Amino acid sequence: MSERRLLVLFGSQTGTAQDTAERIGREAKRRHFQCRVEALDSYDVANLINELLVVFVCATTGQGDPPDNMKMFWRFLFRKNLPPASLCQMDYAVLGLGDSSYPKFNFVAKKLHKRVLQLGGNPLLPVALGDDQHDLGPDAVVDPWLLALWDKILTLYPLPPGLEVISPDVRLPPRYTLHYLAEDSLQPDSSLLQPTAPRAAPSELNPFAARMVSNQRVTAKSHFQDVRLIEFDVAGSGITFSAGDIVMIQPQNCPEDVQQFCQLLRLDPDRCFLLKPTEPGTALPALLPQPCTIRHLITHYLDISCVPRRSFFELLSYFSTNNLEREKLQEFSSAQGQEELYSYCNRPRRTTLEALWDFPHTTSAIPPEYLLDLIPRIRPRAFSIASSMVAHPGRIQILVAVVQYKTRLSKPRRGLCSTWLASLNPEQGDVRVPLWVKKGGMKFPADPDTPVIMIGPGTGVAPFRAAIQERVAQGQKGNCLFFGCRQKSKDFYCQAEWEELVTKGFLTLFTAFSRDQEEKVYVQHRIRENGRLLWELLSSGSAHIYLAG
């Protein structure tokens, strides 16, 4: 009988593929497999030829692109010089997560399945195409596919004699155990985010603690939408970028939410602990310092404001001491209860913290070592860089709309990152924000004579501000911008800057203020009105067109 080892590799952008991969990992443990769950880019791809059983779980992002944490793997897999039989001993299955409203639906999963087949892999099942657009979400495809997968795997790798599948009623051990330290070994929280001499270029695993220089509201006080132009000092960080690039920001939970969470779970925020993996070979969370305080874990790591997933309710049900709460949690984690869960969680955008309030008996019984299994980590947020290094050396500026909206819940929903950024005041001391830069999808023409037509309504104008600053510094004049907002007096971002460039002959500007007159006027109306000019630029000037929302 061959060794019962399973490798689950995921490529995930928003966390859904990772959540599904971890679910497969738990189901594998119940079937007594030795199982590793890893992001594709964390896995040493040279070992792939030795793997006998692999499940790939991958999302598709943007226009059929692989997620960030599988880009290196993707490049390697499609190398022309890989021998056609290099994966001939591998049994594999591919589970895709996508959205059928996009033309390249599940493109990455389909292409991966085909490529592993080309390299000699033996597919256990046809590729699964999970769809966000389905009433029950991707689970409508994932649930039946996984049942078929385990049937197939257990035929090839039967359970060892005398062993049964661990019943779903039995709780699996946590991934990590918490070892509390004596009071006197505490380290102050503030030391964790001091700017350090940069070792390598800042990245997700090594963000740069940038000083916030200014945080200026650029909409009128009377306007419903709060939009900020925020500047960071990145001098000495080794960060470089061009127009169209993106800055990633690692946000944190607000102190009130952290305090509430600690009260609900009866945790002492100042307790200090070390994390130990339950199984050898499990990596520790890369972004958590060791030792760590409970406060740091909840402030900087656990995403207590995200909308909880089905797996959250499944694990929570094991801790429940209250029958009524347990029944509800089991319903939310069953295939039949998904519509109910959708209207409880997803539709009103209920947060993890709010869900915990609704299950008080269960919440007070959560063992702290399960927190890292229960709640995902806070994901970084991406912002278009709104300034050029040529115009503002050593600085990064972003244009941030503070996210706030109403659902049927009494408390307004707030965006975690934008609310946190808006709350920071650099005039009251040294404010630091962990960030790094990523290549964006927009490339502006290298040839200075190529005209550029930019359509950027609202905060969509951010990358074009960077491009225009860069092009003006190089003396390029063919810059045409269509900008739209509600009212000229309330949300015309960077008005003075645009008007100065128009006066100097560097910019042709078309504006659409939708609410400043009886009938609504949008950028598409201005485009139609100026169709002749645009056609001239496109046909004879071979202009490039860019659109950002």
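In this text, all values refer to a predicted model and were calculated from it rather than measured experimentally.

About the thresholds
Residues numbered from 1 in each chain as written. Predicted model: local features only at pLDDT ≥ 70, side-chain atom pairs only at ≥ 80, totals over all residues. Heavy atoms only, no water. Helix = DSSP H or I, 4+ residues; strand = E, 2+ residues; numbered from the N terminus. Rg over C-alpha atoms; globule rule 2.2 N^0.38 Å. Buried < 20%, exposed > 50% of the residue type's maximum accessible area, 1.4 Å probe, protein only. Contact = heavy atoms within 4.5 Å. Polar contact = N/O pair within 3.5 Å; in protein donor to acceptor, adjacent residues only side chain to side chain. Patch = residues over 30% accessible without salt bridge, like charges linked within 9 Å, V, L, I, M, F, W, Y side chains within 5 Å. Areas by Shrake-Rupley, 256 points an atom, 1.4 Å probe, with all protein chains shown as cover. Salt bridge = Lys/Arg side-chain N within 4 Å of Asp/Glu carboxyl O. UniProt positions renumbered as here; feature names shortened; annotations may be inferred. Domains from an automatic or database assignment. Disulfide = S-S within 2.5 Å. Pairing = 2+ DSSP bridges. Axes fitted to C-alpha atoms, helices over the stretch in contact; angles between N-to-C directions. Left-handed = near helix turned anticlockwise from the far one by under 90°. Nonpolar A, V, L, I, M, F, W, Y, C, P; charged D, E, K, R; others polar.

1. Overview of the overall build of the chain
- Helix and strand counts for the chain stand at 18 helices and 21 strands.
- Taking 549 residues into account, the globule formula puts the C-alpha radius of gyration at 24 Å, and the chain, at 26 Å, falls close to it.
- By principal-axis analysis of the C-alpha atoms, the chain measures approximately 85 × 60 × 50 Å.
- Counting every position in the chain, which comprises 549 residues, the buried fraction comes to 49%.
- Partitioning the contacts of the chain with sequence separation of at least 6, the portion at a separation of at least 24 is 77%.

2. A look at the environment of Arg175
- Examined against the element boundaries, Arg175 turns out to sit in the loop between α4 (139-156) and β7 (176-180).
- The spatial distance from the C-alpha of Arg175 to the C-alpha of Ala543 is 54 Å, given a sequence separation of 368 residues.
- In this structure the side chain of Arg175 is engaged in a polar contact, spanning 3.4 Å, whose partner is the side chain of Glu22.
- Only 3.0 Å separates the side chain of Arg175 from the backbone oxygen of Leu372, close enough to count as a polar contact.

3. With respect to a nonpolar patch on the surface
- Residues Trp535, Leu538 and Ile545 make up a contiguous nonpolar surface patch of about 320 Å² in total accessible area.
- Within the secondary structure, Leu538 is located in helix α18 (residues 531-539).
- Classification of Leu538 by relative accessible area gives partly exposed; the value is 31%.

4. So, the environment of Ile545
- Structurally, Ile545 can be placed in strand β21 (residues 544-547).
- The spacing of Ile545 and Leu146 is 399 residues in sequence and 44 Å in space, taken between C-alpha atoms.
- When neighbours within four sequence positions are excluded, Ile545 is seen to be in contact with Ile453, Ile455 and Leu538.

5. Observations regarding the UniProt feature "domain: Flavodoxin-like" (unreviewed entry) in the chain
- In this structure's numbering, the residues bearing the UniProt feature "domain: Flavodoxin-like" (unreviewed entry) are residues 6-150.
- With 32% helix and 23% strand, the stretch residues 6-150 has end C-alpha atoms that lie 12 Å from each other.

6. What to know about the domain arrangement of the chain
- Along its sequence, the chain is carved into domain 1 (5-156), domain 2 (258-374) and domain 3 (452-547).
- A separation of 43 Å is found between the C-alpha centroids of domain 1 and domain 3.

7. So, the state of the cysteines
- Evaluation of the coordinates by the stated rule reveals zero disulfides.
- For the unlinked cysteine Cys35, the closest cysteine sulfur is that of Cys58, found at 16 Å.
- Residue Cys35 is classed as buried on the basis of its relative accessible area, which comes to 13%.
- The thiol of Cys262 is unpaired, and the distance to the nearest cysteine sulfur, on Cys292, comes to 12 Å.
- Judged by relative accessible area, which is 5%, Cys262 ranks as buried.

8. Points about the sheet that holds strand β12 (residues 292-293)
- Strands sit in the order β7-β11-β12 across an open sheet of three strands; the sheet is antiparallel. Both edges of this open sheet fall to β7 and β12, since each of them pairs with a single strand only.
- As paired strands, strand β11 (residues 272-277) and β12 are joined by two bridges and run antiparallel to one another. For Cys272, the partnering residue across the bridge sits in β12 and is Thr293.

9. Side note on the sheet that holds strand β19 (residues 479-485)
- Strand order in the open sheet formed by four strands is β20-β19-β18-β21, with parallel pairing between adjacent strands. Of all the strands in the sheet, just β20 (507-513) and β21 have a single pairing partner and so form its edges. On average, each strand axis in the sheet is inclined to that of its neighbour by 15°, with strand direction left out of account.
- Sheet analysis places strand β18 (residues 452-455) next to β19, joined by four bridges and oriented parallel. If you follow Ile453 over to β19, its bridge partner there is Cys480.
- Here helix α16 (residues 495-503) sits on the sheet in contact with β19 and β20, set at roughly 140° to β20.
- Along the sheet, α18 makes contact with β18, β19, β20 and β21, crossing β18 at roughly 135°.

10. Focus: the pattern of salt bridges
- Scanning the model with the defined rule gives 26 salt bridges in all.
- A salt bridge links Arg228 to Asp226; its shortest N-O distance comes to 2.8 Å.
- Where Asp430 meets Arg432, a salt bridge forms, and the shortest distance between an N and an O atom there is 3.1 Å.
- Take Asp430: its relative accessible area is 53%, and that puts it in the exposed class.
- The exposure class of Arg432 is partly exposed, given its relative accessible area of 26%.
- The network of salt bridges with common partners includes Arg23, Glu27, Asp139, Asp143 and Arg310.

11. Concerning the side chain of Asn479
- The topology assignment puts Asn479 in strand β19.
- In this structure, Asn479 is in contact with Val452, Met454, Arg471, Val472, Phe506, Leu507 and Thr508, ignoring residues within four places of it in sequence.

12. Quick notes on the UniProt feature "domain: FAD-binding FR-type" (unreviewed entry) in the chain
- The sites that UniProt annotates as "domain: FAD-binding FR-type" (unreviewed entry) are residues 205-445.
- Annotation note: span residues 205-445, helix share 29%, strand share 21%, distance between end C-alpha atoms 32 Å.

13. Some remarks on the packing of helix α7 (residues 310-319) against helix α8 (residues 323-332)
- Axis separation between α7 and α8 bottoms out at 8 Å; the angle between their running directions is 145°. Where α7 crosses over α8, the handedness of that crossing is left-handed. Contacts from Arg310, Phe313, Leu316 and Ser317 of α7 reach α8 at Arg326, Leu329, Gln330 and Phe332.
- Of the residues assigned to the contact of α7 with α8, the class counts are four nonpolar, two polar and two charged.

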